[in-house]
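Overview (structure and organization)
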Amino acid sequence: MLTLTLRNLERDGLLTRTVHPTVPPKVEYALTPVARELHATLLGLTDWAERHRVTIAESRAAYDAHHRPE
């Protein structure tokens, strides 16, 4: 499963794969610039979600209380 995931990330242009002709074989993976940009974007999204999690939870509770079936 890991190999399939890594190959798909390589196919998507998010990883580069370097095979070293050694015994035993050695393979190295590295993030591409596109992957580094995606990582920074996801960090921003995660940070936003953490900063607003209490507000979101309160909004959900208020909505649920108002729309509770009778």
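Conventions and cut-offs
- Residues numbered from 1 in each chain as written.
- Predicted model: local features only at pLDDT ≥ 70, side-chain atom pairs only at ≥ 80, totals over all residues.
- Heavy atoms only, no water.
- Helix = DSSP H or I, 4+ residues; strand = E, 2+ residues; numbered from the N terminus.
- Rg over C-alpha atoms; globule rule 2.2 N^0.38 Å.
- Buried < 20%, exposed > 50% of the residue type's maximum accessible area, 1.4 Å probe, protein only.
- Contact = heavy atoms within 4.5 Å.
- Areas by Shrake-Rupley, 256 points an atom, 1.4 Å probe, with all protein chains shown as cover.
- Pairing = 2+ DSSP bridges.
- UniProt positions renumbered as here; feature names shortened; annotations may be inferred.
- Domains from an automatic or database assignment.

Helices and strands together make up the secondary structure of the chain, namely two helices and two strands. Shown N-terminal to C-terminal, the secondary structure of the chain runs as helices and strands in the order α-β-β-α. In terms of C-alpha radius of gyration, the chain reaches 21 Å, well past the compact-globule figure of 11 Å for 70 residues. For the chain, the spread of C-alpha atoms along the three principal axes comes to 70 × 25 × 20 Å. Put simply, the chain has 70 residues, and 7% of those count as buried. Here the contacts in the chain between residues at least 6 apart in sequence split such that 3% fall between residues at least 24 apart. Here the chain has roughly 6,300 Å² of accessible surface; of this, 61% comes from carbon and sulfur atoms.

The next thing to look at is the pairing of strand E1 (residues 15–20). Here E1 runs beside strand E2 (residues 26–31); their pairing, made up of six bridges, is antiparallel. Counterpart to Val-19 in the pairing with E2 is Val-27. The turn joining E1 and E2, which pair antiparallel and follow one another in sequence, is formed by five residues.

The next point concerns the UniProt feature "domain: HTH hxlR-type" (unreviewed entry) in the chain. Mapped onto the present numbering, the UniProt feature "domain: HTH hxlR-type" (unreviewed entry) falls on residues 1–57. For residues 1–57, the helix share is 61%, the strand share is 21%, and the end-to-end C-alpha distance is 35 Å.

Moving on: the domain arrangement of the chain. When the domains of the chain are assigned, the result is domain 1 (1–31) and domain 2 (33–69). A separation of 32 Å is found between the C-alpha centroids of domain 1 and domain 2.

Okay, the environment of His-52 next. Within the secondary structure layout, His-52 lies in helix H2 (residues 33–66). Each C-alpha atom, one on His-52 and one on Met-1, is 35 Å from the other, the two residues being 51 residues apart in sequence.

Attention now goes to the side chain of Thr-32. Within the secondary structure, Thr-32 is located in the loop between E2 and H2. Using a relative accessible area of 11% as the deciding quantity, one classes Thr-32 as buried. The contact partners of Thr-32, leaving out residues within four places of it in the chain, are Gly-13, Leu-14, Leu-15 and Thr-16.

Now for the environment of Glu-50. Considering the arrangement of structural elements, one finds Glu-50 in helix H2. For Glu-50, a relative accessible area of 49% corresponds to the partly exposed category.

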